[in-house]
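Observations on chain architecture
Residues per chain, in single letters:
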Amino acid sequence: MLYYMKLTRELEDRIERKLYRQGKILGGVYVGRGQEAITVGACMDLDGNDAICVSHRDMAAFLMRGVTPRQILAQYMGRKTGLTRGKDGNMHMGSLDHNLIAFISMLGDSIPIAAGVGLSYRLRGMKQVTVCFFGDGASSRGDWHEGLNMASVLKCPVVYVCNNNQYAYSTPLEQQMAVENVADRASAYGMPGDIVDGNDVVAVWQAVNRAVERARGGGGPSMVECKSFRMTGHSAHDDARYVPKELFEYWEKRDPITRLETSMRDLGDLTENKLAEMNGRVVAEVDEAVELADNDPYPDPEDCLTGVYFEG
Amino acid sequence: MGLTTYVEAIREGIREEMSTDERVFVLGEDVAVYGGAFKVTAGMLEEFGENRVIDTPISESGIVATAIGAAMMGMRPVAEMQFADFISCAFDQITNFAAKCRYRWGAGVPIVVRGPSGGGIHGGPFHSQNPEMYFVHTPGLKVVCPATAYDAKGLIKAAIRDPDPVIFFEHKFLYRRVKEELPGADYVVPLGEAEVRRAGSDISVITYGAMVFRALDAAKELEREGIDLEVIDLRSLLPWDRHTVLESVKKTNKVILLHEATRTGGFAGELAAVIAEEAFEHLDGPIRRITAPDTPVPYSPPMEEFFLPQVSDVVRVARELNDY
Ligand SMILES: Cc1ncc(C[n+]2csc(CCOP(=O)(O)OP(=O)(O)O)c2C)c(N)n1
């Protein structure tokens with residue numbers, strides 16, 4: 001878990017703080033700094049056949065499914081070797097080979113999609129589940145509500161995981177919803193709604209595992225709300241001056257990676273040597289991936305015209 | 001007076017209407033504290049307060065529907081879509097509720113739904129679209145696509161004053177790239193009127209939005225070859241200015257239809273049909289279309305450049321048509 005959290009952080013730092021600023025990545029860049037425990041904890045025990053519907057701060061899901069840092073960087077740099085072959089940018093990517101359902105910008109759209117993915121498992125008697133990530137902000141969309149209701153009524157094996165990082169762009173939670181927790185809404189759709197510390201990877205892992213077991217056992221969908229904080233602006237161009245400084249300071253002390261390191265050290269599971277070795281490995285992997293991806297080719301202009309429909 | 005950018009012009013237009021008409025208010029995602037993703041509404045919260053500049057949840061359908069409800073009760077809401085792409089999430093409320101109220105039961109819905117559309121900023125398939133044609137196909141709506149700062153201001157003011165629902169597509173590529181000196185006095189640009197951007201005698205290029213500048217650049221280049229383009233900026237697509245278009249075609253006898261939206265079902269098709277119906281005998285060559293191809297808007301720079309109509313495309317087609 002620590003490794004994937006660190007790899008995610010290193011890769012996203014490189015994307016946001018280096019490649020974007022160097023102009024090697026164009027357009028928008030959204031990272032999940034400080035929220036790595038949510039995706040890593042939720043995906044840790046999934047089977048490779050379980051689908052994951054990613055949202056825009058779930059880089060770890062790609063890494064854990066075996067998409068390489070090079071492929072990811074090539075995607076961000078608009079290269080032919082990226083997951084969408086340059087058709088789309090940044091985390092707007094997916095791969096059915098990896099059971100990763102691509103994020104679509106229209107927030108909340110993937111909630112009913114996940115219901116359909118889950119329905120397909122149930123109708124065919126398969127034991128798979130799907131985990132669907134979304135942000136607090138997405139929970140204001142109508143599709144979000146339709147999707148939860150649909151999943152519940154049709155008893156779809158889905159675990160809805162909320163990354164509640166407390167802001168939707170510049171808009172704080174209390175201006176998005178009049179209830180205290182996103183999970184409070186779960187009961188309205190007849191599903192359990194668990195709330196966990198999203199910066200505690202073990203807590204996320206345990207809560208999602210419970211929900212996954214329930215779904216696999218035919219118990220239908222659940223929601224797990226992970227309380228965390230967006231340690232960045234909304235995207236790389238946003239300095240987040242609307243966020244009170246104290247909030248950043250408060251959450252900085254609860255950094256999920258530092259916390260996991262500390263508790264592993266306390267348990268005697270992590271030596272300084274091991275940590276240094278892991279840190280070095282993560283940096284080296286990302287270094288190599290940047291080098292490779294930066295030398296990958298751009299698509300040809302005419303590639304624009306391909307792939308709108310099935311081409312055999 | 002200094003130069004006003006396109007984005008400032010829209011802001012000025014909304015501010016002026018808010019100052020003179022207390023029924024006008026703004027709502028949308030991140031429009032108040034943040035001043036809008038593209039800063040169109042920057043400073044308005046400070047100036048007008050939180051009852052007139054309202055941050056909403058991420059609920060496009062809810063935003064538009066709330067605006068409709070308030071409009072029917074006599075207010076003049078201006079709803080922002082953070083990107084025009086997200087207007088799809090409000091499609092039903094716009095095309096079924098707002099558009100049909102007057103026709104069905106005589107209820108006016110004076111809303112403006114506005115937002116940044118268009119490509120050229122490497123936004124990829126969900127932050128670059130030109131969704132105007134979904135709405136042009138809907139009787140009861142008005143659809144506006146300004147190209148200049150002057151028009152952006154005059155049209156947003158006209159849109160706010162209009163008694164019917166107006167969908168106002170700004171072009172994000174133009175926000176900070178075009179600027180001009182604007183008159184100090186109050187003015188509006190009437191909906192449904194085109195503007196001749198450049199008078200010419202050989203070929204009419206009929207276009208709108210960011211493509212107006214591609215056409216003007218092409219005209220400059222072709223001037224040297226003795227090909228004289230006339231450039232018509234439609235400004236409004238619904239209703240649109242048949243008179244100006246047909247007069248131009250009757251004068252030049254050759255026509256290029258240029259737009260950034262994709263080809264099939266694009267506005268060029270409608271223009272071509274009307275020109276063929278009403279000015280057929282004036283044509284000395286085929287009606288030519290220059291549009292984006294029928295694909296989503298790709299992200300990667302070489303593909304996006306290929307996707308968007310370029311000056312060189314206009315130059316090439318104009319030469320072909322000139323030789324026809
Ligand atoms: C339907 C829709 N409207 C607006 C946007 C623009 N937008 C992108 S991310 C975002 C904020 C998302 O907040 P949240 O769901 O809480 O996720 P976070 O970014 O905080 O992780 C907004 C408004 C969008 N992507 N989709």
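Before reading on, note that the structure itself is shown above.
Keep in mind the model is a prediction, meaning the values are calculated, not measured.

What counts, and where the lines are drawn
Residues numbered from 1 in each chain as written. Chains lettered and ligands numbered in written order. Predicted model: local features only at pLDDT ≥ 70, side-chain atom pairs only at ≥ 80, totals over all residues. Heavy atoms only, no water. Contact = heavy atoms within 4.5 Å. Buried area = accessible area lost by both parts, 1.4 Å probe. Salt bridge = Lys/Arg side-chain N within 4 Å of Asp/Glu carboxyl O. Polar contact = N/O pair within 3.5 Å; in protein donor to acceptor, adjacent residues only side chain to side chain. Helix = DSSP H or I, 4+ residues; strand = E, 2+ residues; numbered from the N terminus. Core = buried A, V, L, I, M, F, W, Y, C linked by side-chain atoms within 4.5 Å. Buried < 20%, exposed > 50% of the residue type's maximum accessible area, 1.4 Å probe, protein only. Axes fitted to C-alpha atoms, helices over the stretch in contact; angles between N-to-C directions. Parallel < 35°, antiparallel > 145°, perpendicular 65-115°, else oblique. Left-handed = near helix turned anticlockwise from the far one by under 90°. Nonpolar A, V, L, I, M, F, W, Y, C, P; charged D, E, K, R; others polar. Pairing = 2+ DSSP bridges. Phe/Tyr/Trp six-rings, centres within 6.5 Å; stacked < 30°, edge-to-face > 60°. Lys NZ or Arg CZ within 6 Å of the ring centre and 35° of its normal. Near = heavy atom within 4 Å. Areas by Shrake-Rupley, 256 points an atom, 1.4 Å probe, with all protein chains shown as cover. Disulfide = S-S within 2.5 Å.

**Some details on the interface of chain B and chain A**
The interface is formed by 35 residues belonging to chain B together with 39 residues belonging to chain A. When the buried surface of chain B facing chain A is broken down by residue, I58, Y299 and M303 of chain B rank first, second and third, together holding 25% of it. Our enumeration of links across chain B and chain A arrives at zero salt bridges. Applying the counting criterion to the chain B and chain A interface returns 10 residue pairs in polar contact (both at pLDDT 80 or more). Here the side of chain B that touches chain A gets five residues from one element, more than from any other, and that element is helix α11 (residues 301-307) of chain B.

**Here's the deal with the nonpolar core**
Counting 64 residues, the largest nonpolar core has I72, L73, Y76 and V161 of chain A as its most contacted members. Looking at this core element by element, the count peaks at eight residues for helix α7 (residues 201-216) of chain A. Grouped together as the second largest cluster of nonpolar side chains are 52 residues, V7, F86, A149 and Y187 of chain B included.

**A short note on the pattern of salt bridges**
Throughout the structure, instances matching the rule amount to 46 salt bridges over all chains. In this structure, D50 of chain A and R216 of chain A form a salt bridge, with 2.6 Å as the shortest nitrogen-oxygen distance. Taken together, the residues D50 of chain A in the loop between α2 (36-43) and β1 (51-53) and R216 of chain A in helix α7 connect sequence positions 166 residues apart. A salt bridge links R316 of chain B to D313 of chain B, with the shortest nitrogen-to-oxygen separation between them at 3.4 Å.

**Points about the packing of helix α1 (residues 6-20) of chain B against helix α7 (residues 149-161) of chain B**
Residues and elements named next belong to chain B. One way to put it is that α1 packs onto α7 with a least axis distance of 8 Å and a crossing angle of 30 degrees. Looking at the two axes, α1 sits roughly parallel to α7. The two elements α1 and α7 meet at a crossing, and its hand is right-handed. The segment α1 lies against α7, with Y6, A9, I10, E12, G13, I14, E16 and E17 engaging A149, A152, K153, I156, K157, I160 and R161. Here the contact of α1 with α7 is composed, by residue class, of eight nonpolar, one polar and six charged.

**Digging into the sheet that holds strand β13 (residues 255-262) of chain B**
All names here are of chain B. Here we have five strands laid out as an open sheet, ordered β9-β11-β10-β13-β14, and mixed in their pairing. Because the sheet does not close on itself, it has two edges, and the strands there are β9 (195-198) and β14 (288-292). For this sheet, the mean angle separating the axes of adjacent strands, direction not counted, is 25 degrees. Across the sheet, helix α9 (residues 242-252) touches β9, β10 (203-207), β11 (229-233) and β13, and the angle it forms with β10 is around 155 degrees.

**Observations concerning the packing of aromatic side chains**
Under the definition given, this model contains 20 aromatic pairs over all chains. Aromatic side chains F134 of chain A and W144 of chain A sit 5.6 Å apart centroid to centroid with 70 degrees between the ring planes, which places their arrangement in the edge-to-face category. Taken together, the residues F134 of chain A in strand β3 (residues 130-135) and W144 of chain A in helix α6 (residues 142-153) connect sequence positions 10 residues apart. Owing to a relative accessible area of 0%, W144 of chain A belongs among the buried residues under this scheme. Following the ring pairs from residue to residue traces out a cluster consisting of Y167, Y169, F229, Y242, F248, Y250 and W251 of chain A together with Y34 of chain B. Over the ring of Y298 of chain A we find R79 of chain A; its NZ or CZ atom is 4.2 Å from the centre of that ring. In this arrangement the basic side chain of R281 of chain A is found over the ring face of Y3 of chain A, its NZ or CZ atom lying 4.2 Å from the centre.

**As for the site of the ligand**
Neighbouring the ligand are 21 residues, the closest being R57, S105, G137 and Y167 of chain A together with E60 of chain B. Around the ligand, the neighbouring residues derive from chains A and B rather than from a single chain. Interatomic distance of 2.7 Å between a backbone N/O atom of S105 of chain A and a nitrogen atom of the ligand. Compared with its free state, where it exposes 580 Å², the ligand has 97% of that area covered by protein. Its residues assigned to classes, the shell around the ligand shows nine nonpolar, seven polar and five charged.

**Notes on unusual backbone geometry**
Between L238 of chain B and P239 of chain B the backbone carries a cis peptide bond, its omega angle lying at -5 degrees. Tracing the chain through its elements places P239 of chain B in the loop between β12 (236-238) and α9. Of note in the backbone geometry, Y169 of chain A takes a positive phi value of approximately 50 degrees without being a glycine. Of note, Y169 of chain A is situated in the loop between β5 (167-168) and β6 (171-172).

**Looking at the pairing of β3 of chain A**
All names here are of chain A. With respect to burial, β3 is a largely interior element, six of its six residues being buried. Both faces of β3 are covered, namely the face carrying T130, C132 and F134 and the face carrying V131, F133 and G135. Taken together, the three bridges between β1 and β3 define a ladder with parallel strand orientation. Following the sheet pairing, A51 is matched in β3 by T130. Two elements, β3 and strand β4 (residues 158-164), share six bridges in a ladder whose sense is parallel. Across the sheet, C132 pairs through a bridge with Y160, a residue of β4.

**A short note on the side chain of H56 of chain A**
Mapping H56 of chain A onto the fold places it in the loop between β1 and α3 (59-64). A distance of 3.0 Å separates a polar atom in the side chain of H56 of chain A from a polar atom in the side chain of S55 of chain A.

**Considering the state of the cysteines**
Within the structure shown, the criterion is met by zero disulfides over all chains. Here C156 of chain A is not disulfide-linked; the sulfur of C53 of chain A is the nearest cysteine sulfur, at 11 Å. A relative accessible area of 0% places C156 of chain A in the buried class. As a non-bridged cysteine, C145 of chain B has C89 of chain B as the owner of its nearest cysteine sulfur, 19 Å distant.

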